[in-house]
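# Chains, contacts and geometry: an overview
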Amino acid sequence: MTGKQIQLDHLSVGYDGKALIRDICINIKKGEIVTLIGPNGAGKSTILKSITRQLSLLGGAVYFDQKDMKLFSPRKLAQELAVVLTERMKPELMTCYDVVAMGRYPYTGSFGILTREDEDKVFAAMKAVHAQEIGMCDFTSISDGQRQRILLARAICQEPEVMILDEPTSFLDVKHKLELLSILRNMAKEGGITVVMSLHEIDLAEKISDKIICVKGETIFRYGTPTEIFEESLIRDLYEIDNGFFDPMFGSVELPGAAGEPEVFVLSACGTGIPVYRSLQKRGVPFAAGVLYTNDIDYRLARLLAVQVVTEEPFADISDAAYEKAAQLVQSCEAVVDAGVRLGACNQRIQGLFREARGMGKLRRPEEFIKSV
C-alpha cells in the first residue's frame with residue numbers, strides 16, 4: 001500500500017443492509033483530486049458518506065495510511081478528514097465566524113475554547129474563500145452560495161489531510177465555482193491535501209481532476225484519468241445520452257441539430273462558422289458545412305450539428321472528390337453563407353465555390369442571412 005493514502009478495499013455501500021454498489025477497489029494517493037461523476041441517484045453521495053462513516057459499510061474496509069478508519073476515534077477522524085456535504089446546516093444563533101470556528105474544535109480542549117492561534121486560522125480560512133465581509137452575519141440569513149463558501153472555510157480551518165466534498169459547486173455562480181475549484185486545486189497541489197468530491201459539472205471535473213470515478217450500476221462503471229474517461233462514447237453510455245452530444249475536446253455538451261435535407265451550406269474555417277452553426281441550430285434550420293479540415297475547430301462542432309460535413313485531411317489540398325461534394329451542396333441548398341473563410345495555400349479552391357454561389361445569387365454574409373431566417 002506504499003503511496004496509497006486512501007484505499008477502498010472491496011467496499012460495499014448502501015442503506016438498510018442492502019448494497020447499492022459492491023466491490024469498490026480504488027487507491028487514492030496523497031494530493032490527488034479524485035472526482036465522482038455519474039447520473040443522479042447512482043450512489044455518489046452514498047460512497048462519500050460511507051467513506052466518512054456517516055453510513056455503515058456493508059462490506060470491505062476503508063484504509064487511511066494503512067490503518068483501518070473504523071478504528072479512528074471521532075476526534076482523530078476529524079483531524080484527518082474534513083467533510084462538506086449538501087445537507088443544509090441550520091445552526092441556531094450562530095454567525096458565519098462561529099460556523100468556521102467549528103473546524104478548530106478537534107484541536108481544542110474539553111471546553112472548546114479557541115486560542116489566538118486558532119482564531120488566526122479561522123480568519124485565514126475565511127480570507128481564503130473571500131468571506132471576511134460576512135463573518136458577523138447570521139449563518140441562516142446568507143445566500144446558498146455564501147453558505148457553501150463558509151462551509152468550505154470551516155473544512156479548510158480544520159487543517160485536514162483529506163477533504164471530502166459532495167457537490168461543492170451547487171448553488172454557486174460561475175465566478176464562485178471557478179474560485180472554489182481553484183482553492184481546492186491549490187490545497188491539493190501546494191498543500192498536499194487529498195480531495196475526493198462529487199461533481200455534476202463534467203466539464204469542470206475533466207479540467208480539475210487527477211482521477212475520475214464513474215458511478216453507475218452495482219459496481220464502479222469506470223475509473224481512470226480524465227483522458228481515459230472523457231471519451232465521447234463512454235460519457236454517452238454513463239449518462240445514457242440520447243438527446244445530444246458530449247465533446248471531450250472542449251468538455252461541452254451540445255443539443256442536437258435540426259434533421260432533414262440541408263437548406264443552408266456554410267463555408268467557414270478556424271472558428272468562423274461556430275456562431276452561424278449555433279444560430280441555425282436554434283432556429284431549427286438543417287445545414288451542411290465545409291470544406292473543413294478535420295483538425296479545424298469548426299469541424300468539432302459541425303460534426304455534431306450539421307446534417308452533412310464535407311471534410312479534407314489536414315494540410316492537404318482540397319481534392320476533386322471534396323470539391324465536387326461541396327459544389328453539389330452549393331447547387332442544392334437555398335443559401336450559401338460565407339462565414340469568413342481565410343484562404344491559404346491548401347484551400348484556394350474554395351474561391352471556386354464562392355464564384356458558383358455568387359453567380360447563382362445564393363452567397364450571403366452571416367449577419368444579413370441570420371436576420372432573414
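Look above for the structure.
Below, the structure is looked at part by part. Each chain carries its own residue numbering, running from 1 in the written order of its sequence. The model is predicted, so local features are restricted to residues of pLDDT at least 70 and side-chain atom pairs to those at 80 or more, both for listing and for counting; the totals for chains, interfaces and linings are taken over all residues. Side-chain measures were taken over the full set of non-hydrogen atoms in the model, leaving aside hydrogen atoms and water.

### A closer look at the nonpolar core
Each nonpolar core is a collection of buried residues, namely Ala, Val, Leu, Ile, Met, Phe, Trp, Tyr and Cys, held together in the definition by side-chain atoms within 4.5 Å. Any residue under 20% of the maximum accessible area for its type is buried, any over 50% is exposed, and the rest in between are partly exposed; the area is computed with a 1.4 Å probe on protein chains only. In terms of nonpolar packing, the biggest core is built from 49 residues, with I37, I150, L152, M163, L184, M197 and F230 touching the most fellow members. What F230 contacts, discounting residues up to four positions off in sequence, is I37, I202, A205, E206, I212, I235, F246 and P248. Within the second largest apolar cluster, 28 residues are counted, among which are V62, M69, L81 and I213. For this analysis, residues touch if any pair of their heavy atoms sits within 4.5 Å.

### Quick word on the pattern of salt bridges
Salt bridge, as used here, is a side-chain nitrogen of Lys or Arg placed within 4 Å of a carboxyl oxygen of Asp or Glu. By the definition in use, this model includes 18 salt bridges. In this structure, the salt-bridge partner of E254 is R278, at a minimum N-O distance of 2.8 Å. With E254 in strand 12 (residues 252-254) and R278 in helix 10 (residues 274-282), this pair connects stretches of sequence that are 24 residues apart. As a salt-bridge pair, R365 and D338 come within 3.0 Å of each other at their nearest N and O atoms. The numbering of helices and of strands both runs from the N terminus, where a helix is a DSSP run of H or I of at least 4 residues and a strand a run of E of at least 2.

### A short note on the environment of K211
Residue position: K211 is located in strand 9 (residues 211-215). Residues K211 and D320 lie 109 residues apart in sequence; the distance between their C-alpha atoms is 46 Å. Aside from chain neighbours lying at most four places away, what touches K211 is E32, I33, V34, T35, Y223, G224, T225 and P226.

### Points about the environment of I164
Structurally, the position occupied by I164 is in strand 7 (residues 162-166). On a C-alpha basis, the gap between I164 and V196 in space is 4.9 Å, while along the polypeptide they are 32 residues apart. Once residues lying within four places of it in the same chain are set aside, the contact partners of I164 are L48, I51, T52, L81, A82, V83, V84 and V196.

Don't take any of this as a statement about function, it's just geometry.
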